[in-house]
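For reference, the chains in residue letters:
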Amino acid sequence: MSYVLEALQKREAENDPDAAVSLARAGFQRRRHRLWAGLFVVAMVVNAGILAWLLLTPDAPGGAPASAAPVEAPVAPPAPAPADAPAAGSAAPALPSVATAVQEAAPAAPPPQVTTPPAPPVRLALRELPADVRGRFPGLAFSTHVYSEHADLRAVVANGQRLIEGDRIQGVRIDEITETGVVLAFERYLVEVPVFTDWEAL
């Protein structure tokens, strides 16, 4: 069928110059397409051969690595036995008993600490206090003194405040309320303050 078509085209080309030019161009394009198709097939074959060579050759880059020979680890020589270790075949020395080991490991008990009891407070009259202590003694103004055989009924009034035994005022503790006055605890002293004698001096 193609031969008949080519014959008709050649006859038309002989009668029409423009048709001859078109026919020549069409033939050139067909040959160029065939050439490119052949080159593409050749390139595909070459690439397939290179890829097969890379995959099948062990030493080629990217190929399977050759099997490495096993490397034997060095064997360390046996450690020498310590000087005090018993020789082979000899009896081992007897170990100390558990009680002896515990006694040796237990630390010695610390010596008992001797605590010295605090010195009792010094009992003095107000005028017998050292000068520096007397200077720190607060000013107290006693106005009332109530004494009873029952401790809970004893009371004094100092600086307008009613106080019983054990109460504190300006750093002074009412230690005892006696028949003749009051005993005040100040720092490390017990200060005796008689009624009507030293109250005015405070």
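Shown above is the structure to which this text applies.
Residues numbered from 1 in each chain as written. Predicted model: local features only at pLDDT ≥ 70, side-chain atom pairs only at ≥ 80, totals over all residues. Heavy atoms only, no water.

Engineer: Can you tell me about the sheet that holds strand S6 (residues 172-177), naming the residues and giving the values?
Structural biologist: As summarised here, the arrangement of the five strands in space is S1-S8-S7-S6-S5, forming an open sheet in which the pairing is mixed. Every interior strand has two partners, whereas the edge strands, strand S1 (122-125) and strand S5 (168-169), have only one. Both S6 and strand S7 (residues 181-186) contribute to a ladder of four bridges, which runs antiparallel. Paired with Arg 173 across the two strands is Ala 185, which belongs to S7. (Pairing = 2+ DSSP bridges. Helix = DSSP H or I, 4+ residues; strand = E, 2+ residues; numbered from the N terminus.)

Engineer: Before we move on, can you summarise the sheet that holds strand S3 (residues 155-158) with the specific residues and values?
Structural biologist: In spatial order, the strands read S2-S3-S4; together these three strands make up an open sheet with antiparallel pairing. The open sheet has two free edges, formed respectively by strand S2 (142-146) and strand S4 (161-163), since each of these has just one partner strand. Taken over all neighbouring pairs, the strand axes of this sheet differ in orientation by 15 degrees on average, direction set aside. (Axes fitted to C-alpha atoms, helices over the stretch in contact; angles between N-to-C directions.)

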